[in-house]
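If you want the building blocks of each chain, they are given just below.
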Amino acid sequence: MSILDAALTLVATCHQRPHPAFSLRERRATEQRIRQQADELQRTAQALHAEIAKRHRAEEALKAHRDNLENLVRERTSELRAAKESAEAANEAKSRFLANITHELRTPLNAILGFSQVLQLGGGLDERQQQATQLIRQSGEHLLSLVNDLLDLSKIAAGRFDILPAEFDPDRFFQAIMGMVRVRAEQKADLEFICDLPAEWPPSIRADETRLRQVLINLLDNAVKFTCRGQVTLRVRFLSPSRLRIEIKDTGVAMSEQQMARLFHPFEQVGDAQQRALGTGLGLAISQHLVRLMGSEILVKSQRGEGTQFWFDLEVGAPISQI
């Protein structure tokens, strides 16, 4: 029964048993008001039913959309998982290939380098033969450096590059670095290599000696390569309580902001074409990754007329009180 029907039934009942206090006109007026209110209630009820039905349809549509979205998410997740597994498999295959090919390349390269050194040290070669032997050795060393950089880059991409800290003698370590770099710097007549090292060292420091040497040689080699005249300076200082600050500064051509922004990206190189031909663009990217694995970061500052400075701080576990 609708609200209007209930109201009319109530009015009819009042007509059958009229109240003595109401006149006929008053009863008709009351009946009219009841009809109007009943109509209003009926319209309100119909609007309410329509709204409920509308919301019910919206909820059904939302549920259908949610179910469809969940299905799409499951399908997309499955596709992404399959793509991830495929990419990981491809990356694993690439890493195995690079590891194998670098091993295969290193063996003959080491033989070439070894025999070229034997020929140079053995004597009995005329000037032309000496130059040819030197060229063979330099080319072999460059190719071996490229092979090693590619292997390191593949390890970084695979997340398999580990830092293995150990105790070592810092004085012996930096003296060896000085000796290697000085030989290369002396090949440029107008270039001076300066070492500003502490007067006293602790008995030992703790770091990954091999990787730290790799970083320093790379930074110093770059400084020597890009500085035709002037100075390349290696400066080492201990910072309290147990940190080592290493700075490499050169007086070569300064870099722009744009060049510094991409300096540590793989395969990015600065300098002229002849200088870029001497490298691969991997050394600084690998060095930055190594230093980050050691808990620090290589910073750089370059200013026209003054040159370029690289530096980083390294925790070495050697209290300053031991120095």
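Asks: Explain the nonpolar core here, please?
Replies: Within soluble globular proteins, side chains that are nonpolar tend to cluster in buried spots. Counting 46 residues, the largest nonpolar core has Phe 174, Leu 216, Leu 234, Ile 246 and Phe 312 as the members making the most contacts within it. Leaving out residues up to four positions away in the same chain, Phe 312 has contacts with Leu 212, Val 215, Leu 216, Leu 219, Leu 244, Arg 245, Ile 246, Val 291, Ser 296, Glu 297 and Ile 298.

Asks: Which parts of the structure should I look at to understand the side chain of Ser 302?
Replies: Topologically, Ser 302 is positioned in strand E6 (residues 299-303). At 2.7 Å, the side chain of Ser 302 forms a polar contact with the backbone nitrogen of Met 255. There is a polar contact of 2.9 Å between the side chain of Ser 302 and the side chain of Thr 308. Apart from residues no more than four positions distant in its own chain, Ser 302 is found in contact with Ala 254, Met 255, Met 260, Gly 307 and Thr 308.

Asks: What exactly am I supposed to notice about the packing of helix H2 (residues 24-122) against helix H3 (residues 127-157) here?
Replies: Packed helices, taken two at a time, are described by the angle between their axes plus the distance between the axes. H3 packs onto H2 with a crossing angle of 160° between their chain directions and a minimal axis gap of 9 Å. Here H2 lies roughly antiparallel to H3, going by the angle between them. For the crossing formed where H2 meets H3, the hand is left-handed. Class assignment for the residues of the contact of H2 with H3 results in 14 nonpolar, 13 polar and 4 charged.

Asks: Just checking my understanding: could you explain the packing of aromatic side chains for this structure?
Replies: Two numbers describe a pair of aromatic rings. These are the distance of the centres and the angle of the planes. Taken as a whole and assessed by the stated rule, the structure comprises 4 aromatic pairs. Summarising the aromatic geometry, the rings of Phe 168 and Phe 173 are spaced 5.2 Å apart at their centres and angled 55° between planes, so their arrangement reads as tilted. Each member of the pair, Phe 168 as well as Phe 173, is classed as buried. Judged by centre distance (5.0 Å) and plane angle (90°), the rings of Phe 173 and Phe 174 are edge-to-face. The exposure class assigned to Phe 173 is buried, which follows from its relative accessible area of 1%. The class of Phe 174 is buried, set by a relative accessible area of 0%. In textbook terms, an aromatic cluster arises when at least three aromatic residues are bridged by ring pairs, as seen for Phe 168, Phe 173, Phe 174, Trp 201 and Phe 238.

Asks: Would you mind showing me how to read a nonpolar patch on the surface here?
Replies: Taken together, the side chains of Leu 69, Leu 72 and Val 73 define a hydrophobic patch exposed on the protein surface, amounting to about 260 Å² of accessible area. With respect to the element layout, Leu 72 can be found in helix H2. In this structure Leu 72 comes out as partly exposed when scored by relative accessible area, which is 44%.

Asks: Would you mind going over helix H4 (residues 170-185) with me for this structure?
Replies: Think of an α-helix as 3.6 residues a turn; residues three or four steps apart then line up on the same face. Under the 1.5 Å per step criterion, the end-to-end length of H4 is 22 Å for 16 residues, consistent within 8% with the ideal 22 Å. By the burial criterion, the buried members of H4 are Pro 170, Phe 173, Phe 174, Ile 177, Met 178, Val 181 and Ala 185. Summarising the axial view, the buried residues of H4 lie within an arc of 130°, below the 170-degree limit, and thus occupy one face. One side-chain oxygen of the residue at the start of H4 lies 3.0 Å from the amide nitrogen of Asp 171, identifying that residue as Asp 169.

Calculation rules
- Residues numbered from 1 in each chain as written.
- Predicted model: local features only at pLDDT ≥ 70, side-chain atom pairs only at ≥ 80, totals over all residues.
- Heavy atoms only, no water.
- Core = buried A, V, L, I, M, F, W, Y, C linked by side-chain atoms within 4.5 Å.
- Buried < 20%, exposed > 50% of the residue type's maximum accessible area, 1.4 Å probe, protein only.
- Contact = heavy atoms within 4.5 Å.
- Helix = DSSP H or I, 4+ residues; strand = E, 2+ residues; numbered from the N terminus.
- Polar contact = N/O pair within 3.5 Å; in protein donor to acceptor, adjacent residues only side chain to side chain.
- Axes fitted to C-alpha atoms, helices over the stretch in contact; angles between N-to-C directions.
- Parallel < 35°, antiparallel > 145°, perpendicular 65-115°, else oblique.
- Left-handed = near helix turned anticlockwise from the far one by under 90°.
- Nonpolar A, V, L, I, M, F, W, Y, C, P; charged D, E, K, R; others polar.
- Phe/Tyr/Trp six-rings, centres within 6.5 Å; stacked < 30°, edge-to-face > 60°.
- Patch = residues over 30% accessible without salt bridge, like charges linked within 9 Å, V, L, I, M, F, W, Y side chains within 5 Å.
- Areas by Shrake-Rupley, 256 points an atom, 1.4 Å probe, with all protein chains shown as cover.
- Salt bridge = Lys/Arg side-chain N within 4 Å of Asp/Glu carboxyl O.
- Expected span 1.5 Å × (residues − 1).
- Arc of directions from axis to C-beta.

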